[in-house]
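Report on the structure
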Amino acid sequence: MAATHTSSKSDQGVSLGQDAWRRLRKSRVAMLCLGLLVAILLLAFFTPLLPLQPPDSINTRQQYASPQVTPLWVKTFDLNWPAIQAADEVSQRPYRDAGFPELTQLSRAMVRARYRLFGPWQLASICGRDELGRDLLSRVFWGARISLVVGLVAASVSLVIGVTYGSIAGYVGGTVDKAMMRLVDVLYSVPFIFIVIFLLTILGQEDVKTWLSRHGIDRITIFYLVVGAVYWLTMARVVRGQVISLKTEPFVEAARAMGLSQSRIIARHIFPNLVGIVIVYLTLTIPRVMLF
């Protein structure tokens, strides 16, 4: 009688993503840092829901006030609830009067939920106040929202453009590769500050601001996208070099011999093997665009 073989779970192969996640979980420090990053992201996202003092609320009588921990909670939050109920959904006036910056529709909803949950109660200035009497802890939380948004949006744009551009240039090669890389060299020679000045000049015109406001487009969002559209150059070069070395590997040659199209080879065989180098460079891109 022929012996039967039952495949066990350990005999099954794992994908590159599963193998990377398995290695990551073995490092306690890496998992601790990952948990910390997730906590920061969640706190920044739900900042309008937290009972913090409004970040733009000025109190000139408490300039450079020392940290206050007793009492820990103060009944000083003032939100004109009747004005919010009477105003339309896009009105920013009641929130501006309460000391909040310009809010999106989701952030306004979270501020209203915060008022229903905590009412006039809010956390005291446990980190002190600045030269205008504004709460420092609240401004750190609200500032983190901008930093994280520009980092994630710009890095995502850089990721999409750079990986796609570099993969095509490296895999096709020849004249196409030379032409695409020469374009990258030309864009490298353009000072970024000129692009910023030109962009701010265009977006500062009244007719442009009116058009953007009518279509619900925020000018700072456009700036985030432009920053990401500039920082893709190095990503494209790094990816191109990796693709050039990968396209001669035996598994790519086997896929080509099976008659797979170039787009499928790039998507199914080239992209997954770029994940490591892309993630490493992405972690360097995010703080760069934040600092910018």
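Throughout what follows, the structure given in this document is the object of discussion. (Residues numbered from 1 in each chain as written. Predicted model: local features only at pLDDT ≥ 70, side-chain atom pairs only at ≥ 80, totals over all residues. Heavy atoms only, no water.)

What follows deals with the overall build of the chain. Each helix and strand counted, the chain has 14 helices and two strands in total. The C-alpha radius of gyration of the chain comes to 26 Å, more than 25% above the 19 Å expected for a compact globule of 292 residues. Expressed as lengths along the three principal axes of its C-alpha atoms, the size of the chain is roughly 80 × 65 × 35 Å. Considering only intrachain contacts with a sequence separation of at least 6, the fraction spanning at least 24 residues in the chain is 74%. For the chain, the exposed surface amounts to about 18,400 Å²; the carbon and sulfur share of it is 64%. Computed over 30 positive and 18 negative side-chain charges, the separation of the two mean positions in the chain equals 6 Å. (Helix = DSSP H or I, 4+ residues; strand = E, 2+ residues; numbered from the N terminus. Rg over C-alpha atoms; globule rule 2.2 N^0.38 Å. Contact = heavy atoms within 4.5 Å. Areas by Shrake-Rupley, 256 points an atom, 1.4 Å probe, with all protein chains shown as cover. Lys, Arg positive; Asp, Glu negative; His and termini not counted. Charge placed at Lys NZ, Arg CZ, Asp CG, Glu CD.)

Another point: helix H5 (residues 105–118). A rise of 1.5 Å per residue sets the reference length of H5, with its 14 residues, at 20 Å; its end C-alpha atoms lie 20 Å apart and thus fit the reference within 8%. Every buried residue belonging to H5 is among Ser107, Arg108, Met110, Val111 and Arg114, and all of these are buried. Buried positions in H5, seen along its axis, are confined to an arc of 160° and lie on one side of it. Facing away from the buried side of H5, by more than 90 degrees, are the exposed residues Gln105, Arg116 and Leu117. Packing partners of the buried residues in H5 comprise helix H2 (28–45), helix H4 (93–98), strand S2 (121–123) and helix H6 (136–172). (Expected span 1.5 Å × (residues − 1). Buried < 20%, exposed > 50% of the residue type's maximum accessible area, 1.4 Å probe, protein only. Arc of directions from axis to C-beta.)

This paragraph deals with the nonpolar core. Residues Met235, Val239, Ile270 and Leu274 are the most contacted members of the largest nonpolar core, which totals 16 residues. Elements with a minimum of two residues in this core: H6, helix H11 (232–246), helix H12 (250–257), helix H13 (262–270) and helix H14 (275–291). Considering each element in turn, this core owes the most residues, four residues, to H11. Once residues within four sequence positions are removed from consideration, Leu274 is found in contact with Ser167, Val239, Gln242, Val243 and Leu246. Counting residues in hydrophobic clusters, the runner-up holds 11 residues, among them Ala154, Val196, Val227 and Val289. (Core = buried A, V, L, I, M, F, W, Y, C linked by side-chain atoms within 4.5 Å.)

Moving on to the packing of aromatic side chains. Aromatic ring pairs are defined here through the distance separating the ring centres and the angle between the ring planes. Under the criterion given, the structure shown has six aromatic pairs. Note on Trp81 and Tyr115: the rings are 5.5 Å apart at their centroids and 20° apart in plane angle, and the pair reads as stacked. In this pair, Trp81 sits in helix H3 (residues 81–86) while Tyr115 sits in helix H5, placing the two residues 34 residues apart along the sequence. Residue Tyr115 is classed as partly exposed on the basis of its relative accessible area, which comes to 23%. Between Phe100 and Trp142, the aromatic rings sit 5.8 Å apart at their centres with planes inclined by 55°, giving tilted as the arrangement. With Phe100 in the loop between H4 and H5 and Trp142 in helix H6, the pair connects residues that are 42 residues apart, well separated along the chain. Comparing Phe100 with Trp142, the two get one shared label, buried. Three or more aromatic residues joined by ring pairs form one cluster here, namely Phe77, Trp81, Phe100, Tyr115 and Trp142. Sitting over the face of the ring of Phe77, Arg114 holds its NZ or CZ atom 3.8 Å from the ring centroid. (Phe/Tyr/Trp six-rings, centres within 6.5 Å; stacked < 30°, edge-to-face > 60°. Lys NZ or Arg CZ within 6 Å of the ring centre and 35° of its normal.)

Now for the packing of H12 against H13. Contact geometry of H12 with H13 gives a least axis separation of 11 Å together with a crossing angle of 145°. Between H12 and H13 lies a crossing whose hand is right-handed. Contact with H12, carried on its side by Phe251, Val252, Ala255 and Arg256, involves Ile265, His269 and Ile270 of H13 and no other residues of that element. Considering only residue class, the contact of H12 with H13 consists of five nonpolar, one polar and one charged. (Axes fitted to C-alpha atoms, helices over the stretch in contact; angles between N-to-C directions. Left-handed = near helix turned anticlockwise from the far one by under 90°. Nonpolar A, V, L, I, M, F, W, Y, C, P; charged D, E, K, R; others polar.)

With their axes 11 Å apart at the nearest point, H6 and H13 run at an angle of 120° to one another. One element, H6, and the other, H13, form an angle in the oblique class. Note that H6 runs across H13; the crossing there is right-handed. Facing Ser167, Tyr171 and Val172 of H6, the residues of H13 in contact are Gln262, Ile265 and Ile266. Looking at the contact of H6 with H13 residue by residue, the class counts come to four nonpolar, two polar and no charged. (Parallel < 35°, antiparallel > 145°, perpendicular 65-115°, else oblique.)

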